[in-house]
Structure formats: structure tokens, C-alpha cells
Amino acid sequence: MAEIHVLFVEDDDVIREATQLALERHGFVVTAQPDGLQGLESFRADQPDIALLDVMVPGLDGVSLCRRIRDESTVPVIMLSARADSIDVVLGLEAGADDYVTKPFDGAVLVARIRAVLRRFGHAGGGERAPGQGAGAGALLTFGELEVDTEGMEVRKGGEPVALTPTEMRLLLEFSSAPGTVLSRDKLLERVWDYGWGGDTRVVDVHVQRLRTKIGQDRIETVRGFGYKLKG
């Protein structure tokens, strides 16, 4: 298996060094930077497989750095936040982050979240199938003006291509595999984010909102108290 290169941006020296050592013990190659500007330079120079970004770093804060990365790449991003209830969590997700971890974090939990994200993006997953890619599933699905090519992993709206991140694509594949069926936030966390435990449903809500802006606000319906469903 190829080595996984992690970009880690954290301004606290103790956390940065301890986390880098922990990740390296688990076999990751880590480039650690103390501020967002150096993090952006490293991202462009090294093309890492995943980025871990602390929200509050100098030079270029983590949310802004995430936006810059997302403008250039679909590489997975995990935000690190000191407060679970912080607005920074939502801002980071809205900026394009795929997940977040609250500090202080357990090293094993961080590694598990990194590996879960990488599996979704096709790294370290043994080439597992994406949702909707089971035997005989390859097809062009049509929902109004929305077309989802489950083999080519392409989406078009009104004939025009729609650029989705891998997480957004997996979310859409879950919806399109069962149009009209209500999918709970917990089920989406399990299927898309690979959470084997309870997670923060804000991750789902923000990604649904991001997906709506790309495929149409009315295409995914909120079923209050239950979850979301794709209109057929």
C-alpha cells in the first residue's frame, strides 16, 4: 500500500509535535506547519492525500485555508476545533471540509477518522465500491433535469456538468439509490461518513445544504424529525 501523506497545520508546538509523532507511528508521512500560509505553500508543493487544519492558526486561518484548498482540489480535509459547539465547526464544513474532530482528541480517534475519510476517497480502502456501485448498478439515473452517472461518477444538471467533492458524490449516490425514501441523518453518517458510532449530524446537514446549492434547492427534501429524501 502506498504511503499516505498528511498535511497538518497547527500553531500549538506541543500539539503539533505530539500529533505528528502519533500519526507517523501509524505509518503516515506527515508535513506539519505552524500557520496557514506555510500550510498553503506545503499543500501546493507536496500535494498531500489529506489535510488536517486547525481552525485557529495565524497567517491564514483554517477556514480560509480550507476554502483555498477547495478552490484548487477535492483532497479530503478534516478541521480541528477546540469547541464542539463553535460556529467555526459549521464555517469549516461550509468552506468545504469533509469532517471535523474536536480538541482535545484521542490519537486513536483521530487516526480512525482519517482512515474513514480516506476510505471514502478511495485511499487505503482496497478499491471498495462507492454507494450505488454494486453488481449491475452502473446506470444513468435521471431525476428531472438532474442526471447521475453511477459508473462514470459524473453529474449533470440541465446537460451541464456539476462539480462535486467525493463526499458530496457519495451523499448523492446514497440518495439516488433510493429516490423517495427518507434517509435519517444517522444512517447517512454510517453510510457516507463511515461512522460506526454516533456522530454530529451537523456534518450531514451542512453537506446536504452544499449539495442542494449544486443540484437544486428543491431536489432534496427535508422530512422534519426523520431526515432527507431525494425527489424522484
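The preceding data block contains the structure.
Residues numbered from 1 in each chain as written. Predicted model: local features only at pLDDT ≥ 70, side-chain atom pairs only at ≥ 80, totals over all residues. Heavy atoms only, no water.

Chemist: Teacher, can you tell me more about the nonpolar core here?
Modeler: A general trend in soluble globular proteins is that nonpolar side chains are found buried together. By size, the foremost hydrophobic cluster in this structure holds 48 residues, and its most contacted members are Leu53, Met79 and Phe175. Broken down by element, the residue count for this core peaks at six residues, all from helix α8 (residues 202–215). In this view, phenylalanine 175 contacts Leu183, Leu188, Val208, Leu211, Ile220, Tyr228, Lys229 and Leu230; residues no more than four positions away in its chain are not counted. In terms of nonpolar packing, the next biggest core, distinct from the first, is built from 18 residues, Ile4, Val6, Phe28 and Val111 among them. (Core = buried A, V, L, I, M, F, W, Y, C linked by side-chain atoms within 4.5 Å. Buried < 20%, exposed > 50% of the residue type's maximum accessible area, 1.4 Å probe, protein only. Helix = DSSP H or I, 4+ residues; strand = E, 2+ residues; numbered from the N terminus. Contact = heavy atoms within 4.5 Å.)

Chemist: Even after reading the chapter, I still don't get unusual backbone geometry, so can you show me in this structure?
Modeler: Among all residues save glycine, negative phi is the norm, and among peptide bonds the norm is trans. The omega torsion across lysine 103 and proline 104 is -5°, close enough to zero to call that bond cis. Summarising the element assignment, proline 104 is placed in the loop between β5 (99–102) and α5 (107–120). Unusually for a residue other than glycine, glutamine 47 sits at a positive phi of about 50°. The topology assignment puts glutamine 47 in the loop between α2 (36–46) and β3 (50–54). Of note in this structure, methionine 153 is not a glycine but carries a positive phi near 55°. Its location among the elements puts methionine 153 in the loop between β7 (146–149) and β8 (154–157).

Chemist: Before we go on, may I ask you to explain the side chain of arginine 212 in this structure?
Modeler: Looking at where arginine 212 falls in the secondary structure, it is placed in helix α8. We note that arginine 212 is buried and unpaired, the nearest opposite charge coming from aspartate 218 at a distance of 7.4 Å. Apart from residues lying up to four places away in sequence, arginine 212 is in contact with Gln217, Ile220, Glu221, Thr222 and Tyr228. (Lys, Arg positive; Asp, Glu negative; His and termini not counted. Salt bridge = Lys/Arg side-chain N within 4 Å of Asp/Glu carboxyl O.)

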